[in-house]
Structures are given as structure tokens and as C-alpha cells.
2 protein chains.
Amino acid sequence: MSTFAADSVGLVTPQRHSFSEPLQLTCGKALAPYELVYETYGALNAAADNAVLICHALSGHHHAAGYHSADERKPGWWDSCIGPGKAIDTNRFFVVSLNNLGGCHGSTGPSSISPETGKAYGASFPVLTVEDWVHSQARLADVLGVQQWAAVVGGSLGGMQALQWAISYPERIRHCVAIATAPKLSAQNIAFNEVARQAITTDPDFHHGDYAAFGVIPKRGLMLARMVGHITYLSDDSMGSKFGRELRSEQLNYDLTSVEFEVESYLRYQGQEFSGRFDANTYLLMTKALDYFDPAAAHGGDLAKTLAGIQAQTLVMSFTTDWRFSPARSYELVNALLAAKKQVSYLEIEAAQGHDAFLLPIPRYIEALSGYMNRIEVTA
Amino acid sequence: MSTFAADSVGLVTPQRHSFSEPLQLTCGKALAPYELVYETYGALNAAADNAVLICHALSGHHHAAGYHSADERKPGWWDSCIGPGKAIDTNRFFVVSLNNLGGCHGSTGPSSISPETGKAYGASFPVLTVEDWVHSQARLADVLGVQQWAAVVGGSLGGMQALQWAISYPERIRHCVAIATAPKLSAQNIAFNEVARQAITTDPDFHHGDYAAFGVIPKRGLMLARMVGHITYLSDDSMGSKFGRELRSEQLNYDLTSVEFEVESYLRYQGQEFSGRFDANTYLLMTKALDYFDPAAAHGGDLAKTLAGIQAQTLVMSFTTDWRFSPARSYELVNALLAAKKQVSYLEIEAAQGHDAFLLPIPRYIEALSGYMNRIEVTA
């Protein structure tokens, strides 16, 4: 008897595929061999027209739905949206979720062993771009027998991948769902990433990226990077209603290093927990991929021109209190799609939770995503 | 012949005063002896009713106007507002600007030598609050023969001091000018401060605050603290128009640690420069003073009740793109003043520069401040 809810994909087992053909990268280098780890939920139909690709954000991974074991404490990171009868309905769709190249959850990345040296890649791992990821995902699609995605779906950095799919492989994607994202980072976005990178690279345990060789981890830097990142994921309001000025203990300590407020304790915990489970080089790589993303640059900054060749229909969604990728950043994308005379639906969701809202089961959001996904035609 | 502009206060010499009577602090400790370093511009009139106190913000100091030498590159930090004929007109006012206790620009602080140990106070320096500062400023007023300030003026953390003056010494302040400030920090404000503090205290060179004894400085931590702080001083828009996605060199480097964008280079420079001139313990102390400021807490969170006893007229000003202390934070103050039936003027200035706007010569802002200050009555 199953211990999982009826709308859960239940027990899932990650799969992996090795690619031997070198992947030519934007940076000029090529990567080979490499592995991608992924999960699938639901079944590919005979027409192979019901496949949906889920692209993850900065600290995400392939485990988007279901459970790896019966006693796993939490399901995959987007379990609220993926499952039988859910917004991305696994009764209809064959859902694929991978760990991006350069990640630290099983796909080849900086902490993987380089076949050339027998040691961790570390600093020698090549920088990747959103375009590189899309090309690697296209190869995974080939392996899975998916010639064309019914939809590519992602939030934040994942939304950039969905958009890049529409640009790089117009005939291989029918619907692009770009949530809480932007067509490029602003100076402020880059600035926050740079603080995170400086925190990591100035940590004495970073050793120019080759910390594995020294048997250490730049934990302090990673903790700080996550703390600053975390603030940008939440809205001022949501932090206020969650923590306000609640004190840790009844009385103030009045010293320079004590934790006085709940929000400090929460942030430290988030940072410390993250620093124990995420790879520092991967964090640098993910922030760089964000910074570099700017598909319009190849067309002199003209986003409409950049989108001229896309064939996918696009759904763009943003959240009112998201200040990392505010609704204004989504308008840029929507306006360019309209200027390029493309089919686009846009929805701005009233939500207090800031950027993090895209991961949360906000009814209006789930309904809208569900409505859109249900209208995507697939062969029964 | 003077080499200074006609509206400059010209050459100024910092003064200092030693206080031997212990200052009782909010934390329970007492501090004695201590010194305050300050500057004055203009002359105190016979009625002693034309004195204006300038309170500085997080990284400020006593040098608010004029030059310390003929070849000083930049004048004091608020020279745009203080001088003969300027908004705070030194032809009318006797202006006093001090370095707060706990600072690192001459007043007694963590890097001062403790008379008890003969070594730098370091971690043993007591935590200070805005209230403590106001009490120390009141003693300086006594020394200067100022029974009542015509006005106490400050931006950001300085505005909190102006407000606290009106609360702590209602009969000693006629006008309170609180610019780009808030009646208390939000959870997000505290969170950013906590990132800064963690950056400093996890720097291996911090040595629990006693870095002076080790002959080192936690430069990496201070640099990161300043970088994250600096982002919050600027608006997304102003960073965008200042830097956009301008590249440092013509081509992208595509590696994990290179500076690619101008904004990264700017932030690193700001952080590095700051880390060489500011004391880490003072930075911790200033952020703690910000966190602790919450005058309404003593009245169960009722700000109007807290302000019931104030006699000063208040001018509150905010800037449209300030997201560190947004206009909404000023409304809280204004609404409480109105609820307490106090005289208050409020102005929201259209400005693209974010929180930093309060330091800049924005015409509408200078005019408004000037207009208000000129209407303050002083004996001729």
C-alpha cells in the first residue's frame, strides 16, 4: 500500500546518462565526457508530444517532485505543481527534470572528478551559460526520444532557460512558461551576485577554487552568499510579517555579536545549512550564468528582434512583491514578445512572498499555471 | 586670499572635549572618561538660540563642511547643505557636527586605547544606542553653552538621533529635521545588517573583536559589509543608469572570478577603499545601534504615545526611490506625529538616487530644507 498522497508522483528514482560527444561551450572550451542526472514523472506517449521540461533555478536540482524514499522528509522542490491532477499533470504529461551541468547534485560539475587529472575539476571547470545548458538539455531530449517539448517551464534562472529554448530551438518547443524571470540581469542584480561571489572567493578556505585539494570548504563565504541571496528572495513585507522585530530571548543582550532578533537567527540558520550542502564553485557558476544571460545582446540589445524567430507560445508570470525580478522585468519580455507579434499571455500575481512566491502553492498562481498547462494539446 | 568658494565655510579645525563624568549607557555599563571630536561652523549668538546640531549616519563623522586644509580633495560630507547662504546657513546658524561616541574618526570608540588596560578597547567597548548618543550630545551642548538647539538635523541613522532628541529632551530642541529615516528598522533592514556583521565576525582576522592585539584588520569582512550596504543605498534605477550592463573590457572573460561588469568593479573598489579606512568594531556598533532603535517599544509599540511629550516642530523628508528607508517608513512617523497632534511638515522628494539622495544636492530637496531652515526664528 502506498504511503503517498493520491496526487503525488510517489517514489522516484534519479536516472543518469553519460554523453561522450564534446559539448561546445560559449566560453570557447568543450566539455566531454559529462553526465546528466534527471528524473521523469508520468509517461511519454506514443506520439512523443506530451513531454514537459522543468528547468531549475540557482540552487535547484533534478528532484522536482515525489520522494526518493518512503521516509524522505520533504518531496521534490516543485511537488506543489507536479503530480497526477496537479498544475503540471503527470496523467497528461511526461515531465523531465534534470540537474544542470555545473551543478552539485549529480550532474557533472566543479566537484566532479576530472577524467584527465583524477581530481576534482575545481577552478578548472568551465564557466557555463544558459545557452550551454539548453544545448545540453537538447541532447538529453534526444536521448529520451523527445523531438519537441510540449512545454519548457521554469522560474527565475529556470525561466531564462525556458526563454533560451524558444530562441535556440524554435521548432523544438511549443510552449514557453517563464515565471518570475527577466530577459537579463539589472546592475543591482549583478551587484548582489558580485557580493555573493566576493564572499566566497575571499574566504581563505576557497584556495582559488581548488579547496577540494586542501580538504576544506569555503563555508563562511557560502553562508554569507546564501544569506544575502535569501534576503533578495523574500519581500520586505513577508520578512516583516514572518519575523517583524521579534526577539530571540525576552531581553536584549546589548553586545556586538549576539543574535537579538529572530530574523538574524533565521538567516544564520539558512546560511549555515546551505553552506553544508552546496558547492561553492557551483554557486559561482550559477551566478555567472545569471549575469551573462542577455540574449538580446547578440541583436544590439533589441529583444524583439531576438525573439523574432521563436515559434513557441509564451506564458509570462510575475509576482507583485518580487523585487529580485520585479513585474517590470516581465513587462520587458512581454512587450518585446508583443512587438515581435508573438502569442503571449501575461499574469501578474498578487503575492506577498517576493521572489520565492514562484515556488509556493499560491492558489491564484497554481490555478493560472494549471489552466494554461491544461490547454496545451497532447495526443491522448 | 581665500582659495575657497564664497559659500564655503572654508578652513575648519576639529575640536575635542574630554568628559570625565561617567556616561550611563542603555546596556547597563558606564563609560568614562571619553572624548568627543567635533567641528563648528558659524557663531553662537548672544541669545544662544541659533545652534543647529548635525547628526551623522552609519559611516559619517564630524567633518560635515569645509576643508581641513587648502589642498583637501573633498569638503565635508554635507558641504552641499552647510555654509554661508546654503540651506543650513552659517550666516544665521551656529552649526555643530560631532563624531559619535563609538566612532572611528576621533571620538572615543572601540579602536581607542582603554585607560584601564592600555590597549585598544576592541570587543570590550560597550554597545551604544541612539539614546546614548543623544545623552552624550546633550553633554556636548552643555559644554558649548547651548541650552536649546534651534534644530537637530540628520539623515538615515542621523534622523533617528534627531527624533530621539525630540523624545529625550523635549525642552532642548525647537525643530527636528528627520530625513530618509524610519522610526525603527524592518526585518529586512535588520537582515542586511546581520549579513554585514556576519561578514565581519566570520573573517578569520576578526579575532572576536580584538584584531588590534593581533596587528590585523578584518578587511575582507569590512569590504563585504560595505558592498552589501552600498547596494542598499542606491536605487535599482540609479545603478542601472550609472552602470547598466557596461562591460569592463570589450570581451567577456567567461571565468568564475573575473570582473566582467563595471558595477562589479565599482562595488569592489568601494568595499576595498572603505575597508582601509573604517573600523570593523565601529561598523558592528553602528549597525547594532540601528537595529536597537525603536523608541515606541517603551510604549508597547505605540509611536504616537511615544511622541506625546515632544515639543519640537518636525520636518520629515523622504525620497521616492529610497528602498532602505522608503517613504512608507516616513509616513509611519508622520502619521504618529499627527495622531499625537504635533506640528509636522512632510515632503516626499522625487529622486532617482535611492537612500543616498539625502547626501546629494538635489535642487527640490535643498530648496525645501532651505525654506524650512530659513523660517526658524533666531535672535539677530
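Residues numbered from 1 in each chain as written. Chains lettered and ligands numbered in written order. Predicted model: local features only at pLDDT ≥ 70, side-chain atom pairs only at ≥ 80, totals over all residues. Heavy atoms only, no water.

### Some remarks on the UniProt feature "binding site: substrate" (unreviewed entry) in chain A
Residues and elements named next belong to chain A. Within this structure's numbering, the places UniProt gives as "binding site: substrate" (unreviewed entry) are Arg226 and Asp356. For the residues just named, distributed over 131 residues, the greatest C-alpha separation is only 13.8 Å, placing them together at one site. Within the secondary structure layout, Arg226 lies in helix H4 (residues 219-233). Non-local contacts of Arg226, meaning those with residues more than four positions away in its chain, are made with Ser59, Tyr233, Gln270, Gly271, Phe274, Arg277 and Tyr283. Position of Asp356 among the secondary structure elements: in the loop between strand E12 (344-349) and helix H10 (363-374). (UniProt positions renumbered as here; feature names shortened; annotations may be inferred. Helix = DSSP H or I, 4+ residues; strand = E, 2+ residues; numbered from the N terminus. Contact = heavy atoms within 4.5 Å.)

### Considering the interface of chain A and chain B
Residue-level contacts link 57 residues of chain A with 57 residues of chain B. Of the roughly 4,800 Å² buried where chain A meets chain B, counting both sides, 70% is carbon and sulfur surface. Together, Arg245, Tyr254 and Leu256 of chain A form the three largest contributors to the area buried by chain A at its contact with chain B, with a combined 18%. The partner of Arg245 of chain B in a salt bridge is Asp294 of chain A, with the nearest N and O atoms 3.3 Å apart. For the side of chain A that touches chain B, the secondary structure elements donating two or more residues are helix H3 (187-201), H4, helix H5 (236-242), helix H6 (262-275) and helix H7 (280-292) of chain A. At 11 residues, the largest contribution of residues to the side of chain A that touches chain B is made by H3 of chain A. Classifying every residue of the side of chain A that touches chain B by side-chain character gives 30 nonpolar, 14 polar and 13 charged. (Buried area = accessible area lost by both parts, 1.4 Å probe. Salt bridge = Lys/Arg side-chain N within 4 Å of Asp/Glu carboxyl O. Nonpolar A, V, L, I, M, F, W, Y, C, P; charged D, E, K, R; others polar.)

### As for the sheet that holds strand E8 (residues 94-98) of chain B
Residue and element names in this part refer to chain B. Pairing in this open sheet of eight strands is mixed, and the strands run E1-E4-E8-E5-E9-E10-E11-E12 from one edge to the other. Of all strands in the sheet, those bounded by a partner on one side alone are strand E1 (15-19) and strand E12 (344-349). Neighbouring strand axes in the sheet, compared pairwise and without regard to direction, differ in orientation by 20° on average. Across six bridges, strand E11 (residues 313-319) lies against E12 in parallel orientation. Paired with Met317 across the bridge in E12 is Leu347. Against the sheet, helix H2 (residues 157-168) makes contact with strand E5 (51-55), strand E9 (151-155) and strand E10 (175-179), and its axis sits at roughly 150° relative to E9, the strand it touches most. With respect to the sheet, helix H10 (residues 363-374) is in contact with E5, E9, E10, E11 and E12, its orientation differing from that of E11 by roughly 180°. (Pairing = 2+ DSSP bridges. Axes fitted to C-alpha atoms, helices over the stretch in contact; angles between N-to-C directions.)

### Things to note about the packing of H3 of chain A against helix H6 (residues 262-275) of chain B
Look at H3 of chain A against H6 of chain B: their axes get within 9 Å of each other, and the N-to-C directions meet at 50°. Classified by the interaxial angle, the pair formed by H3 of chain A and H6 of chain B is oblique. Of the two possible hands of crossing, H3 of chain A and H6 of chain B adopt the one that is right-handed. Between H3 of chain A, through Ala187, Ile190, Ala191, Glu194, Val195, Arg197 and Gln198 of chain A, and H6 of chain B, the contact on the second element is made entirely by Val263, Glu264, Leu267 and Arg268 of chain B. Residue composition of the contact of H3 of chain A with H6 of chain B, grouped by class: six nonpolar, one polar and four charged. (Parallel < 35°, antiparallel > 145°, perpendicular 65-115°, else oblique. Left-handed = near helix turned anticlockwise from the far one by under 90°.)

### Focus: the pattern of salt bridges
Counted under the stated rule, the structure contains 28 salt bridges over all chains. Where Arg277 of chain A meets Glu273 of chain A, a salt bridge forms, and the shortest distance between an N and an O atom there is 2.8 Å. Given a relative accessible area of 39%, Arg277 of chain A falls into the partly exposed group. Classification of Glu273 of chain A as partly exposed rests on a relative accessible area of 32%. By sharing partners, the salt bridges in this structure join Glu194, Arg197, Lys288 and Asp291 of chain A together with Glu264 and Arg268 of chain B into a single network. (Buried < 20%, exposed > 50% of the residue type's maximum accessible area, 1.4 Å probe, protein only.)

### What to know about the domain arrangement of chain A
Residue and element names in this part refer to chain A. On domain assignment, one finds that chain A holds domain 1 (15-184 + 295-375) and domain 2 (189-287). Contact with domain 1, which involves 30 residues of that partner, is made by 24 residues of domain 2. Buried surface at the junction of domain 1 and domain 2, summed over both partners, amounts to about 2,100 Å²; 61% is from carbon and sulfur atoms. For the domain 1 face of the interface with domain 2, the top three residues by lost area are Leu58, Trp323 and Arg324, together amounting to 32%. Applying the counting rule to domain 1 against domain 2 returns 11 residue pairs in polar contact (both at pLDDT 80 or more). (Domains from an automatic or database assignment. Polar contact = N/O pair within 3.5 Å; in protein donor to acceptor, adjacent residues only side chain to side chain.)

### A look at the nonpolar core
If you look at the biggest cluster of nonpolar residues, it comprises 185 residues, and the most contacted ones within it are Tyr283 of chain A together with Tyr283 of chain B. Discounting chain neighbours no more than four positions away, the residues touching Tyr283 of chain B are Leu58, Ala196, Ile200, Leu222, Ala225, Arg226, Tyr233, Phe274 and Phe278 of chain B. (Core = buried A, V, L, I, M, F, W, Y, C linked by side-chain atoms within 4.5 Å.)

### Structural notes on the sheet that holds strand E8 (residues 94-98) of chain A
Residue and element names in this part refer to chain A. Taken in spatial order, the eight strands of this open sheet run E1-E4-E8-E5-E9-E10-E11-E12, and their pairing is mixed. Two strands lie at the open edges of the sheet, namely strand E1 (15-19) and E12, each paired on one side alone. Taking the axes of each pair of neighbouring strands and ignoring which way they run, one obtains an average angle of 20° across the sheet. Sheet strands touched by helix H2 (residues 157-168): strand E5 (51-55), strand E9 (151-155) and strand E10 (175-179). Its angle to E9, the strand with the most contacts, is close to 150°. Its contacts with the sheet put H10 on E5, E9, E10, strand E11 (313-319) and E12, and the angle it makes with E11 is roughly 180°.

### As for the relation of the copies chain A and chain B
Rotating chain A by 180° and moving it 0.0 Å along the rotation axis overlays it on chain B with an RMSD of 0.0 Å. Look at the turn and shift together and you get a two-fold axis relating the two. In this assembly the copies share their binding face: 100% of the residues contributing to the interface of chain A also contribute to that of chain B. (Least-squares fit on C-alpha atoms with pLDDT ≥ 70 in both.)

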